[in-house]
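Residue strings, one per chain:
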Amino acid sequence: TRWAYRSALSALLLALTGAAHVGVSITHGEDYLVELAPGGLGRWLARPRPAPPPPGPPTGEEPTLFDGAVLPVLVERCGECHGAQAAKGGLRLDTYDAIAKGGRGGPAIIVGHADASPLVMRVETPVSDDTHMPPEDRPQATSDEVALLRFWIDRGASRELLLRDVLVPDGARSLVTKW
């Protein structure tokens with residue numbers, strides 16, 4: 001009976017440890033325990049993860065204006081508050097579909113009308129105004145970036161428009177030539 005007791009206790013402890021690990025991973029993230037491991041043990045236990053690809057066109061495809069220029073600007077300037085990790089006001093600006101959907105306040109863009117688009121209006125509002133985005137303690141959109149957003153929206157906010165098919169305004173040209 002002593003053998004049966006020890007076997008059952010070992011099986012129970014093993015199951016409890018596994019369940020606790022799964023619970024911690026669900027509530028705190030997969031790497032939570034690895035981050036807290038002492039010294040070199042954390043590095044030994046950690047699984048190598050590939051770096052996420054930068055926003056832009058998939059490798060080998062011809063870049064579109066949206067993927068090659070507009071999306072990187074939105075992710076850089078707006079992604080902290082309106083990205084996959086946080087969607088303030090229910091608005092995400094890190095994918096085309098999310099931009100088209102808008103947030104709780106309605107659409108972020110009015111296709112073909114940059115002047116009426118809340119996204120452009122928020123970026124162009126004076127920094128001292130409470131409705132200005134991004135908040136004044138965050139890096140602000142440059143005039144070239146705003147010109148690019150206006151250009152994209154005024155030309156239909158297309159996801160498929162190829163970079164080679166557009167005549168980009170001079171100020172925004174430097175943002176497009178990265179691709």
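Scroll up a little and you will see the structure.
These figures come from a predicted structure and were not determined experimentally. (Residues numbered from 1 in each chain as written. Predicted model: local features only at pLDDT ≥ 70, side-chain atom pairs only at ≥ 80, totals over all residues. Heavy atoms only, no water.)

Asker: Break down the environment of Lys 101 for me, with residues and values.
Answerer: By secondary structure assignment, the location of Lys 101 is in helix α5 (residues 96-101). Accessibility expressed as a relative area gives 70% for Lys 101, which makes it exposed. (Helix = DSSP H or I, 4+ residues; strand = E, 2+ residues; numbered from the N terminus. Buried < 20%, exposed > 50% of the residue type's maximum accessible area, 1.4 Å probe, protein only.)

Asker: Could you give me a rundown of the side chain of His 82, with the residues and numbers involved?
Answerer: In this fold, His 82 is placed in the loop between α4 (65-78) and α5. Accessibility expressed as a relative area gives 15% for His 82, which makes it buried. Only 2.9 Å separates the side chain of His 82 from the backbone oxygen of Leu 91, close enough to count as a polar contact. (Polar contact = N/O pair within 3.5 Å; in protein donor to acceptor, adjacent residues only side chain to side chain.)

Asker: Go over the pattern of salt bridges, please, and point to the residues and values.
Answerer: Counted according to the given criterion, the structure contains eight salt bridges. Put simply, Glu 145 and Arg 77 hold a salt bridge, and the shortest N to O gap is 2.8 Å. Of this pair, Glu 145 sits in helix α7 (residues 143-154) while Arg 77 sits in helix α4; the two residues are 68 residues apart in sequence, bridging distant segments of the chain. Residue Glu 145 is classed as buried on the basis of its relative accessible area of 5%. By relative accessible area, which is 17% here, Arg 77 ends up buried. Bridged by salt links that share partners, the residues Glu 76, Arg 77 and Glu 145 form one connected network. (Salt bridge = Lys/Arg side-chain N within 4 Å of Asp/Glu carboxyl O.)

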